[in-house]
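Remarks on the overall topology
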Amino acid sequence: MDIVKLIPSKVPELYLETEHISPDVFAGKTAQQIGELHVHMGNQTYKLSDYFTIEGKGGATAADTKIVIAGDVSKVKYIGMKMTAGEVEVLGNADMYVGAWMAGGKLLVKGSVDSFAGIAMTGGELVIEGNAKNYIGAAYRGDWRGMQGGKLVVKGNVGSDVGSNINGGTIEIGGNADVHLATHAEGGKIIVGGVAKGRVGGQMVKGEIYVLGGVERMMPSYKYDHDEEVELNGKKMNFQVYYGDLGERHGKRKGEIVYGKIFIATGAAEAESEGKTEARAERRAKLNEKQVAQMAEAFKTNAEPSVQEVRTYIYDTFGFDLKPMQVSRLIDSMKR
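Residues numbered from 1 in each chain as written. Predicted model: local features only at pLDDT ≥ 70, side-chain atom pairs only at ≥ 80, totals over all residues. Heavy atoms only, no water.

1. Quick word on the nonpolar core
Among the nonpolar cores identified, the biggest contains 69 residues, and Leu6, Phe52 and Leu181 are the most heavily contacted of them. Per element, the largest residue contribution to this core is five residues, and it comes from strand S16 (residues 235-244). Core analysis: the next-biggest nonpolar cluster, separate from the first, contains 12 residues, Met295, Phe318, Leu330 and Ile331 among them. (Core = buried A, V, L, I, M, F, W, Y, C linked by side-chain atoms within 4.5 Å. Buried < 20%, exposed > 50% of the residue type's maximum accessible area, 1.4 Å probe, protein only. Helix = DSSP H or I, 4+ residues; strand = E, 2+ residues; numbered from the N terminus.)

2. Things to note about the pairing of strand S10 (residues 125-128)
In the sheet, strand S9 (residues 106-109) pairs with S10 via four bridges, with the strands oriented parallel. The partner of Leu107 across the bridge, within S10, is Leu126. With four bridges connecting them, S10 and strand S11 (residues 151-154) associate as parallel partners. Its bridge partner being in S11, Ile128 is matched across the sheet by Val154. (Pairing = 2+ DSSP bridges.)

3. Remarks on the side chain of Asp95
Summarising the element assignment, Asp95 is placed in the loop between strand S8 (87-90) and S9. Taking the relative accessible area as the measure of exposure, Asp95 reaches 4% and is therefore buried. Side-chain polar atoms of Asp95 contact the side chain of Lys77, separated by 2.7 Å. With near-sequence residues (within four places) excluded, Asp95 lies in contact with Tyr15, Val73, Ser74, Lys75, Val76, Lys77, Val113 and Asp114. (Polar contact = N/O pair within 3.5 Å; in protein donor to acceptor, adjacent residues only side chain to side chain. Contact = heavy atoms within 4.5 Å.)

4. Considering the packing of helix H4 (residues 289-298) against helix H5 (residues 307-318)
With their axes 11 Å apart at the nearest point, H4 and H5 run at an angle of 125 degrees to one another. Judged by the inter-axis angle, H4 sits oblique to H5. H5 is crossed by H4, and the crossing has right-handed handedness. Residues Gln291, Gln294, Met295 and Ala298 of H4 form the contact with H5, whose participating residues are Val310, Tyr313, Ile314, Thr317 and Phe318. (Axes fitted to C-alpha atoms, helices over the stretch in contact; angles between N-to-C directions. Parallel < 35°, antiparallel > 145°, perpendicular 65-115°, else oblique. Left-handed = near helix turned anticlockwise from the far one by under 90°.)

5. Overview of the side chain of Glu172
Mapped onto the elements, Glu172 comes out in strand S12 (residues 170-173). What makes Glu172 buried here is its relative accessible area of 16%. Apart from residues lying up to four places away in sequence, Glu172 is in contact with Lys151, Leu152, Val153, Val154, Ile191 and Asn233.

6. Some words on the packing of aromatic side chains
Scanning all chains against the criterion turns up 10 aromatic pairs. Seen from their ring centres, Tyr46 and Tyr51 are 5.8 Å apart, and the 90 degrees between their planes marks the pair as edge-to-face. Taking the centre distance of 5.3 Å and the plane angle of 10 degrees together, the rings of Phe116 and Tyr135 count as stacked. Remark: Tyr135 occurs in the loop between S10 and S11 and Phe116 occurs in the loop between S9 and S10; sequence separation between them is 19 residues. A relative accessible area of 6% places Phe116 in the buried class. Residue classification places Tyr135 among the partly exposed residues on the basis of a relative accessible area of 21%. Grouping aromatic residues by their ring pairs yields a cluster made of Tyr78, Tyr97, Phe116 and Tyr135. Just above the ring of Tyr15 sits the side chain of Lys75; from NZ or CZ to the centre is 5.5 Å. Cation over ring: Lys77 sits above Tyr15, and NZ or CZ is 4.7 Å from the ring centre. (Phe/Tyr/Trp six-rings, centres within 6.5 Å; stacked < 30°, edge-to-face > 60°. Lys NZ or Arg CZ within 6 Å of the ring centre and 35° of its normal.)

7. As for the environment of Asn167
Along the polypeptide, Asn167 turns up in the loop between S11 and S12. Placed 18 residues apart in sequence, Asn167 and Ala185 show a C-alpha to C-alpha distance of 6.0 Å. When residues no more than four places from it in sequence are discounted, the contact partners of Asn167 are Arg145, Gly146, Met147, Gln148, Glu186, Gly187 and Gly188.

8. Brief notes about helix H6 (residues 324-335)
Under the 1.5 Å per step criterion, the end-to-end length of H6 is 17 Å for 12 residues, consistent within 8% with the ideal 16 Å. Residues Gln326, Val327, Leu330 and Ile331 constitute the buried set of H6. On an axial view of H6, the arc spanned by its buried residues comes to 140 degrees, and they lie on one face. Buried residues along H6 sit against H4 and H5. (Expected span 1.5 Å × (residues − 1). Arc of directions from axis to C-beta.)

9. With respect to the sheet that holds strand S7 (residues 76-77)
One open sheet holds the four strands; their spatial order is S4-S3-S2-S7, and the pairing between them is mixed. Across the chains shown, the open sheet's two edge strands, defined by having one partner strand only, are strand S4 (44-47) and S7. Looking at chain direction, strand S2 (residues 16-17) and strand S3 (residues 38-41) are connected through two bridges and run antiparallel. When the bridges of S3 are listed, Glu17 appears paired with His40.

10. Digging into the confidence of the model for the protein
The predicted model of the protein averages 89 in pLDDT, with 91% of residues at 70 or higher. In the model, residues 271-284 has pLDDT below 50 throughout and makes 15 contacts with residues more than four positions away in sequence or in other chains. (pLDDT = per-residue confidence, 0-100.)

11. Thoughts on the pairing of S8
Bridge count between strand S6 (residues 65-69) and S8: four bridges; the pairing is parallel. Looking at S8, one finds that Ile69 is bridged to Val90. In the sheet, S8 pairs with S9 via four bridges, with the strands oriented parallel. If you follow Val90 over to S9, its bridge partner there is Val109.

Following this line, the structure appears as structure tokens:
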């Protein structure tokens, strides 16, 4: 396998769109030819060699080509987009759309990525060793086809809307998952090693979600059905099985349940319940005078902040999940 090494030589002023960084495009090209490939930043077009030093050459085919990006590319988008074979290895962080529409091959990111990694992928293996943000393995904006095949692994935590519209393939998350996991799912499998926040499997028609650390807020449209022993990644585990989304459309198949399923590891719900009262008390705690003063300073240029703006600021800054009525009273006190 021939290796092409890309060494970042210049940090983009904005964000660089590099849909040509793919074994399919690099195959059969010399380092000079690869350097001539165009990239975009805003409304400007540049050459790949303007931002990378290029070593090596592409293989005869995509399957014979490996790309190594030796450095941090946190401001570089579309790495491995639509690749069908070969390998890509990123030795740092990357921006949005890593492995988007990926159909084959292997893509490894040693760091973390931004949103939309692996959207609508149909095959191949995408592994992210750090964290990932939102819409991982989901559908593109406005589309109904999310991940359809392949395997997507995030060893850290993920953001919201992961696996939206998924209908095939597997997503494995080593850490925690934010809200709206597997919304509109019509198939596929998602495994969460940590805790999943609320709104898991909303409007889910088919598919399976396994949560080892428990669901923070289970949707009321899911119903507990039975306990079941499942072999997951070579290890047998006991799960509580929930069927749902009971308020969503479902296909009609004689003698077969086609609802989506959420599997919660036995013991996770109990462990979560034990700490819930204390956690809720902490989240609902009142701000002290110093914190109120800090909040007032943050909004001094905004005469009419909304309840949601202030509520989000309080949660992000102090970790308190105050009720809207509490926040409204705080806003009134700031006006006095």
